[in-house]
Amino acid sequence: MNKLTEILINARLLFRGRPIRVTTQNAPHYSVSDSEMQIRICRPGRYNRYKRGIKRGIDALASDYHLDILDGLDGGTFVDCGANVGELGIWAQSRRMNYIAFEPEQLEADCCDQNNFGGQPLTIRKALWKETTTLEFFHKADTADSSAFDVSGYNEKTVIPAVSLDSELDPSKLSRPLILKLEAEGAEPEVLEGAAKFLENADFVAVDCGYERGQSQDHTFIEVNNQLTCRGYNLVAAKFRGRVTMLFHKENT
């Protein structure tokens, strides 16, 4: 985004009565601000997510994952697989939860650090998978569709480090309630396969299992539902319009 584009975007936002403004911040990072909040982004078109205000945009994303129906979250832990720029980290920390983010796209991980960790490099820059390995990764970050599976229209293919959730986190050391939000662009079954110990302790799993797996764009709902119900989770909320998302709950003793 150059300065002229920034001026044109803000003029359009002002004309339409939108409460946000977009500013260049050491490109490719940008800042979106309103009267209450500021958020860093790295893909210029993403500002549209906040056209009615940043908090409303973040709350809408939390609602997509059915997180708005949860209460009693104080002191718990929110693990975010596919964090992007960390919007749900802002949501979780506003509810006094601890936040752990996984995001393999470097620019998005940088923004997540700025939005949640004061710029410290605490976002885990690895893909989650069923085991510790390396993966071919298909980058399609402009539309938030990067994946471990071949996707149409990807911009670049690289090899990146991947880890299982069980190898990276010890759930017995994480405060409860423990929530996993999972958006892996079609790799949700593999991530859950590598999370057996984690899932013994997690209270909630919120999953985007929509039509994103590989070239055939398959959904992952059946595999996700089978894996989680076999581990004692119950489906408590589901959404099939827009994002295909499910919220599972496990009664832990």
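Described in the following lines is the structure provided in the data block. These figures come from a predicted structure and were not determined experimentally.

What counts, and where the lines are drawn
- Residues numbered from 1 in each chain as written.
- Predicted model: local features only at pLDDT ≥ 70, side-chain atom pairs only at ≥ 80, totals over all residues.
- Heavy atoms only, no water.
- Helix = DSSP H or I, 4+ residues; strand = E, 2+ residues; numbered from the N terminus.
- Rg over C-alpha atoms; globule rule 2.2 N^0.38 Å.
- Buried < 20%, exposed > 50% of the residue type's maximum accessible area, 1.4 Å probe, protein only.
- Contact = heavy atoms within 4.5 Å.
- Areas by Shrake-Rupley, 256 points an atom, 1.4 Å probe, with all protein chains shown as cover.
- Lys, Arg positive; Asp, Glu negative; His and termini not counted.
- Charge placed at Lys NZ, Arg CZ, Asp CG, Glu CD.
- Phe/Tyr/Trp six-rings, centres within 6.5 Å; stacked < 30°, edge-to-face > 60°.
- Disulfide = S-S within 2.5 Å.
- Salt bridge = Lys/Arg side-chain N within 4 Å of Asp/Glu carboxyl O.

**Section: the overall build of the chain**
Here is step 1 of the chain: Each helix and strand in the chain was counted, giving eight helices and twelve strands.
Here is step 2 of the chain: Relative to its length of 253 residues, the chain is compact, with a C-alpha radius of gyration of 18 Å against a globular reference of 18 Å.
Here is step 3 of the chain: Its C-alpha atoms give the chain principal-axis dimensions of about 55 × 40 × 35 Å.
Here is step 4 of the chain: Here the chain holds 253 residues, and the buried ones make up 51% of them.
Here is step 5 of the chain: For the chain, long-range pairs separated by at least 24 residues make up 56% of all intrachain contacts whose partners lie at least 6 apart in sequence.
Here is step 6 of the chain: With an accessible surface of roughly 11,800 Å², the chain has 48% of that area assigned to carbon and sulfur atoms.
Here is step 7 of the chain: Of the side-chain charges in the chain, 30 are positive and 36 negative, and the distance between the mean point of each set is 6 Å.

**Topic: the packing of aromatic side chains**
Here is step 1 of the chain: Summed over all chains, the structure comprises six aromatic pairs.
Here is step 2 of the chain: For the pair Trp129 and Phe149, a centre-to-centre distance of 6.1 Å together with 55° between the ring planes defines the contact as tilted. Of this pair, Trp129 sits in the loop between β6 (127–128) and β7 (133–139) while Phe149 sits in the loop between β7 and β8 (156–163), and the two are 20 residues apart along the sequence.
Here is step 3 of the chain: Between the aromatic rings of Phe221 and Phe240, the centroid separation amounts to 6.4 Å while the plane-to-plane angle is 80°, which identifies the pairing as edge-to-face. Taken together, the residues span a long stretch of sequence, with Phe221 in helix α8 (residues 221–230) and Phe240 in the loop between β11 (234–239) and β12 (245–249) at a distance of 19 residues.
Here is step 4 of the chain: Exposure remark for Phe240: the relative accessible area of 57% places this residue in the exposed category.
Here is step 5 of the chain: In textbook terms, an aromatic cluster arises when at least three aromatic residues are bridged by ring pairs, as seen for Phe78, Trp91, Tyr99 and Phe117.

**As for the state of the cysteines**
Here is step 1 of the chain: Applying the stated criterion across every chain, the model contains zero disulfides.
Here is step 2 of the chain: Lacking any disulfide linkage, Cys111 is separated from the closest cysteine sulfur, that of Cys42, by 4.0 Å.
Here is step 3 of the chain: For Cys209, which is in no disulfide, the shortest distance to another cysteine sulfur is to Cys81 and amounts to 13 Å.

**With respect to the environment of Asp145**
Here is step 1 of the chain: Relative to the elements of secondary structure, Asp145 occurs in the loop between β7 and β8.
Here is step 2 of the chain: Once the C-alpha coordinates of Asp145 and Met97 are considered, the two residues, 48 residues apart in sequence, prove to be 27 Å apart.
Here is step 3 of the chain: In contact with Asp145, other than residues within four places in its own chain, are Lys140, Val151, Glu185 and Glu212.

**A few points about unusual backbone geometry**
Here is step 1 of the chain: Note that the residue after Arg176, namely Pro177, is joined by a cis bond; omega there is 0°.
Here is step 2 of the chain: Assignment of secondary structure puts Pro177 in the loop between α5 (165–168) and β9 (178–182).
Here is step 3 of the chain: Residue His66 is not a glycine yet carries a positive backbone phi of 70°.
Here is step 4 of the chain: Looking at where His66 falls in the secondary structure, it is placed in the loop between α2 (54–64) and β4 (77–81).
Here is step 5 of the chain: Looking at His66, the relative accessible area reads 8%, which means it is buried.

**Details of the pattern of salt bridges**
Here is step 1 of the chain: The final tally for this structure, using the stated rule, is 16 salt bridges.
Here is step 2 of the chain: For Lys126, the salt bridge identified is with Glu168, shortest N-O distance 3.9 Å. With Lys126 in the loop between α4 (106–116) and β6 and Glu168 in helix α5, this pair connects stretches of sequence that are 42 residues apart.
Here is step 3 of the chain: The partly exposed category is assigned to Lys126, whose relative accessible area is 28%.
Here is step 4 of the chain: Residue classification places Glu168 among the partly exposed positions, given a relative accessible area of 29%.
Here is step 5 of the chain: The partner of Asp208 in a salt bridge is Arg243, with the nearest N and O atoms 3.0 Å apart. One end of the pair, Asp208, is in strand β10 (residues 204–208); the other, Arg243, is in the loop between β11 and β12, and 35 residues separate them in sequence.

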